[in-house]
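Below are the chains, spelled out letter by letter.
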Amino acid sequence: MLEKPILIITASTAIGLASSMLILRYITRSFVKLGISGLDHHKPGKPRIPEMGGLAFVIGVAAASMPAVLLDFHVSEVVGMMLTVLATGAVGIIDDLKKLGAVEKPLLTAAAGLPLILLHPYSGKLFLTFGIVFRIPLIYMVMIPGLLAVVSNSVNMFDTMNGTATGSSLMVLTTLFLVTVLKHFTRGGFDILLASLLFSIVFPPMLILFAYNKYPARVFVGDTGTLSIGGALLAFSIIQGCEIPLIISLLPHLTNGFFNLSSVGRLFERSELKERPIVVSEDGTIYANRDLKAPITLTRFIAALGFRNEKEIIKAIMILCIISNGLTILTVLLGLW
Amino acid sequence: MSRLLNLKPLILLILFNYVVIIFGSYVFYTIQVNIERTLRALPRLLVGFIQASVGLLLILLWIFVWLSMYKHLFTREIRKDAGENASSNQA
């Protein structure tokens, strides 16, 4: 009875690992020569690093979805997640190659929510804390594009230092999976096989991407990576019905994104900013910019708290993510959600 | 450990939002239910409009407090940071 799911989960994990690893090896060898690269501004000497490493994640997720699709196992959920990742990844590719405008990007990422709406692999109920459930199928459907734009762009704005977007997203995904497992064993009702399948499709490519993107980065994930990772996280939480755990886990991302926007006063692209949030000296020491016009990002706040180099700031960001993900697990353990 | 203590303002912000998410949704739900019960005699559309307006007001209030806290904490830290840098430069 369990043979088929276990076979599919194992095959998805292996395919996801192998395909993303192969693509990342190709990207690290060829993309700088092809001119698809960027400077690592936070390091002395500003080394040139290949961009668009997120392609490995997008292709890895698509390849890892195939066993479930071919063997007809939770097809609508798997295809819903795969198409969301592909659609957000496509927006990221366009943005990486031909910079999208500050308004176009969130609008296009919102439109990438269409596959989820059409395939409808969710219950349409919003599970709040203390067992409160809102049955809002129509409002929920309308909320999906907005949530996708918020989550994808929050992950995108969190990609300020080596491995911050990929590392924090790995934590969020693992936390969401643990939440589903905990809920399954404490109260039932959560499909643990479906959660394991979706986790086995997304986790391996994300892990490989993190291994290449962590400090010191061998590859930048680009908007291709950050937007598609955001898409995967949202699709996972919508299919599993764990939106509140997602919001708690993403508190550092949401805080960063929200205050970026509120301090600039409008939607913006990083390249449009005249004042950078942080100042990097020749030896790699980082200072918070004291200009009032500079956006109040999380990185600038952390630099103002006395964290003076890239490694220290990355550690500080990861500590904040550990705290928010810990709070998510605590909420479930205490039975608050 | 001392590094963790340096992050106090940001941890405080995360905890504030956590409390709002956990208890806020319960408060939100209770207010909505009470509005519906109290205004039962009024037309359904009007009650829905009042519920939506109150909901929006609560969310805006949350965002306002969140924004004010963040700005206050950030301004305090950036002043402290500037003071520390100035004194280290003098030394």
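These numbers come from a predicted model, not from an experiment.

(A) The arrangement of the overall build of chain B in detail. A tally of helices and strands in chain B yields 3 helices and 0 strands. A compact globule built from 91 residues would reach a C-alpha radius of gyration of about 12 Å, whereas chain B, at 21 Å, exceeds it by more than 25%. With respect to the principal axes defined by its C-alpha atoms, chain B has extents near 75 × 25 × 15 Å. Considering chain B as a whole, with its 91 residues, one finds that 10% of them fall into the buried category.

(B) Region of interest: unusual backbone geometry. All names here are of chain A. In this structure, the amide linkage connecting Tyr215 to the following residue, Pro216, adopts the cis form with an omega of -10°. With respect to the helices and strands, the residue Pro216 is situated in the loop between helix H8 (192-213) and helix H9 (222-240). Positive phi values are uncommon outside glycine, yet Met52 reaches one of about 60°. Mapping Met52 onto the fold places it in the loop between strand E2 (48-50) and helix H2 (54-70). One non-glycine residue, Phe130, lies in the positive phi region at around 55°. As for its placement among the helices and strands, Phe130 is situated in the loop between strand E3 (125-127) and strand E4 (133-135).

(C) Local environment of the confidence of the model for chain B. Residue and element names in this part refer to chain B. Considering every residue of chain B, the mean pLDDT works out to 88; 90% of them sit at 70 or more. Between the elements of chain B, mean pLDDT differs from a low of 79, seen in helix H1 (residues 2-6), to a high of 94, seen in helix H2 (residues 8-38). For this predicted complex, the interface confidence reaches an ipTM of 0.90, while the overall pTM sits at 0.93.

(D) Broad picture of the interface of chain B and chain A. Across the contact, 21 residues belong to chain B and 27 residues belong to chain A. Those elements giving two or more residues to the side of chain B that touches chain A turn out to be H1, H2 and helix H3 (44-90) of chain B. When residues of the side of chain B that touches chain A are assigned to their parent elements, the largest contribution, 11 residues, is made by H2 of chain B. The residue inventory of the side of chain B that touches chain A, partitioned by class, reads 16 nonpolar, 3 polar and 2 charged.

(E) Spatial organisation of the environment of Lys274 of chain A. Structurally, Lys274 of chain A can be placed in the loop between helix H11 (251-264) and strand E5 (278-280). In sequence terms Lys274 of chain A and Pro295 of chain A are 21 residues apart; their C-alpha atoms lie 10.0 Å from each other.

(F) Structural detail: the packing of H11 of chain A against H2 of chain B. At a minimum axis separation of 10 Å, H11 of chain A and H2 of chain B run at an interaxial angle of 105°. Put simply, H11 of chain A runs roughly perpendicular to H2 of chain B. Residues Leu251, Pro252 and Thr255 of chain A of H11 of chain A form the contact with H2 of chain B, whose own contacting residues are Leu13, Ile14, Asn17 and Tyr18 of chain B.

Cut-offs applied
- Residues numbered from 1 in each chain as written.
- Chains lettered and ligands numbered in written order.
- Predicted model: local features only at pLDDT ≥ 70, side-chain atom pairs only at ≥ 80, totals over all residues.
- Helix = DSSP H or I, 4+ residues; strand = E, 2+ residues; numbered from the N terminus.
- Rg over C-alpha atoms; globule rule 2.2 N^0.38 Å.
- Buried ≥ 20, exposed ≤ 12 C-beta atoms within 10 Å, placed from the backbone.
- pLDDT = per-residue confidence, 0-100.
- Contact = placed C-beta atoms within 7 Å.
- Nonpolar A, V, L, I, M, F, W, Y, C, P; charged D, E, K, R; others polar.
- Axes fitted to C-alpha atoms, helices over the stretch in contact; angles between N-to-C directions.
- Parallel < 35°, antiparallel > 145°, perpendicular 65-115°, else oblique.

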